[in-house]
Amino acid sequence: EDKVVQSPLSLVVHEGDTVTLNCSYEVTNFRSLLWYKQEKKAPTFLFMLTSSGIEKKSGRLSSILDKKELFSILNITATQTGDSAVYLCAVGVNSGGSNYKLTFGKGTLLTVNP
Amino acid sequence: DARVTQTPRHKVTEMGQEVTMRCQPILGHNTVFWYRQTMMQGLELLAYFRNRAPLDDSGMPKDRFSAEMPDATLATLKIQPSEPRDSAVYFCASGYPGSRGYTFGSGTRLTVV
């Protein structure tokens, strides 16, 4: 059974801190790893990673994948209260032919206090 | 911005009643997923479709849940009969293989009393 584990489950920091969120996985037929941010409603896409060692960056957020050790990290620098959300990691796997599905971790709840 | 539309946004129903949730995927997306989110289990995949054909519904309780795509603009998820343990937020997401992630709808919050 495919497994995606995120840590920590929750984290409280102060504005300006840097945080690192972790995602490890055990899946068959790995294809990609995705990070989503979920505030009150739908998860919104942040990054998709397919290759080891190549950092993806968007503003204060960055992410990297290690396919040998089967994990990814999401870094947020200079955190702001607007970064408070649940961060979800998902792994895309091939499920037969060209079919592809996402398995999610349970998320990390990040709270940024002013 | 293109978006995935889900209806209803909220549904409260009594145990034993039928519930139908609807999803309009983004035009051109050929893959549609149904997920259920609870505090305990997180996001669980219930079913997904590609080009309207069901590919995997192994995450659904077959005796009470059914998912269909009657046409490319509509996906439905039905629960009959509903039970209190079905209370959750149900998300639909659409995309296409190789896309940069999938786009989620705003979800249907279902409460079964």
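For the structure, see preceding data.
Residues numbered from 1 in each chain as written. Chains lettered and ligands numbered in written order. Predicted model: local features only at pLDDT ≥ 70, side-chain atom pairs only at ≥ 80, totals over all residues. Heavy atoms only, no water.

A.B. asks: What's the story with the overall build of chain A in this structure? I'm lost.
C.D. replies: Scanning chain A from terminus to terminus reveals zero helices and 11 strands. In terms of overall size, chain A behaves like a compact globule, its C-alpha atoms giving a radius of gyration of 14 Å where 114 residues would be expected to give roughly 13 Å. The principal-axis extents of the C-alpha atoms in chain A amount to approximately 50 × 30 × 20 Å. Considering only intrachain contacts with a sequence separation of at least 6, the fraction spanning at least 24 residues in chain A is 55%. Put simply, chain A shows about 5600 Å² of open surface, and 50% of that area lies on carbon and sulfur atoms. Between the centroid of the 12 positive side chains of chain A and the centroid of its 10 negative side chains there is a distance of 6 Å. (Helix = DSSP H or I, 4+ residues; strand = E, 2+ residues; numbered from the N terminus. Rg over C-alpha atoms; globule rule 2.2 N^0.38 Å. Contact = heavy atoms within 4.5 Å. Areas by Shrake-Rupley, 256 points an atom, 1.4 Å probe, with all protein chains shown as cover. Lys, Arg positive; Asp, Glu negative; His and termini not counted. Charge placed at Lys NZ, Arg CZ, Asp CG, Glu CD.)

A.B. asks: Hey, could you run me through the pairing of strand S8 (residues 71-76) of chain A in this one?
C.D. replies: A regular strand carries its side chains on alternate faces of the sheet. All names here are of chain A. Sheet topology places strand S3 (residues 19-26) next to S8; six bridges connect them, and they run antiparallel. Opposite Ser24, over in S8, you have Phe71 as the bridge partner. Direction of pairing for strand S7 (residues 61-66) relative to S8: antiparallel, over a ladder of six bridges. In the sheet register, Ser62 faces S8, and the bridge partner there is Asn75. Taken together, S7 and the strand that follows it, S8, pair antiparallel across an intervening segment of four residues, in which Leu70 is found at a positive phi of about 60 degrees. (Pairing = 2+ DSSP bridges.)

A.B. asks: Is there a simple way to think about the interface of chain A and chain B in this case?
C.D. replies: Interfaces are often sized by the accessible area lost when the parts come together. Facing the 18 residues of chain A at the interface are 22 residues of chain B. A buried area of about 1700 Å², summed over both sides, lies between chain A and chain B, and 55% of it is on carbon and sulfur atoms. Taken together, the links from chain A to chain B amount to one salt bridge. A salt bridge links Lys101 of chain A to Asp56 of chain B; the shortest N-O distance between them is 3.0 Å. Joining chain A to chain B, the criterion identifies five residue pairs in polar contact (both at pLDDT 80 or more). Of all the secondary-structure elements, those providing two or more residues to the side of chain A that touches chain B are strand S4 (30-38), strand S5 (43-49) and strand S10 (100-104) of chain A. Residue composition of the side of chain A that touches chain B, grouped by class: 10 nonpolar, four polar and four charged. (Buried area = accessible area lost by both parts, 1.4 Å probe. Salt bridge = Lys/Arg side-chain N within 4 Å of Asp/Glu carboxyl O. Polar contact = N/O pair within 3.5 Å; in protein donor to acceptor, adjacent residues only side chain to side chain. Nonpolar A, V, L, I, M, F, W, Y, C, P; charged D, E, K, R; others polar.)

A.B. asks: Help me understand the state of the cysteines in this model?
C.D. replies: Chemically, a disulfide is nothing more than a covalent bond linking the sulfur atoms of two cysteines. Scanning the entire structure with this criterion turns up two disulfides over all chains. The disulfide bridge from Cys23 of chain A ends at Cys89 of chain A, spanning 1.9 Å between sulfur atoms. Because the sign of the S-S torsion sets the handedness, a value of about -65 degrees for the bond joining Cys23 of chain A and Cys89 of chain A places this disulfide among the left-handed ones. Of this pair, Cys23 of chain A sits in strand S3 while Cys89 of chain A is found in strand S9 (residues 85-94), placing the two residues 66 residues apart along the sequence. Its relative accessible area of 1% is what places Cys23 of chain A among the buried residues. Between the sulfur of Cys23 of chain B and that of Cys92 of chain B lies a disulfide, 1.9 Å long from S to S. Its S-S torsion of about -60 degrees marks the bond between Cys23 of chain B and Cys92 of chain B as left-handed, since a negative value means left-handed. Remark: Cys92 of chain B occurs in strand S9 (residues 88-95) and Cys23 of chain B occurs in strand S3 (residues 19-24); sequence separation between them is 69 residues. (Disulfide = S-S within 2.5 Å. Buried < 20%, exposed > 50% of the residue type's maximum accessible area, 1.4 Å probe, protein only.)

Geometry only, nothing functional implied.
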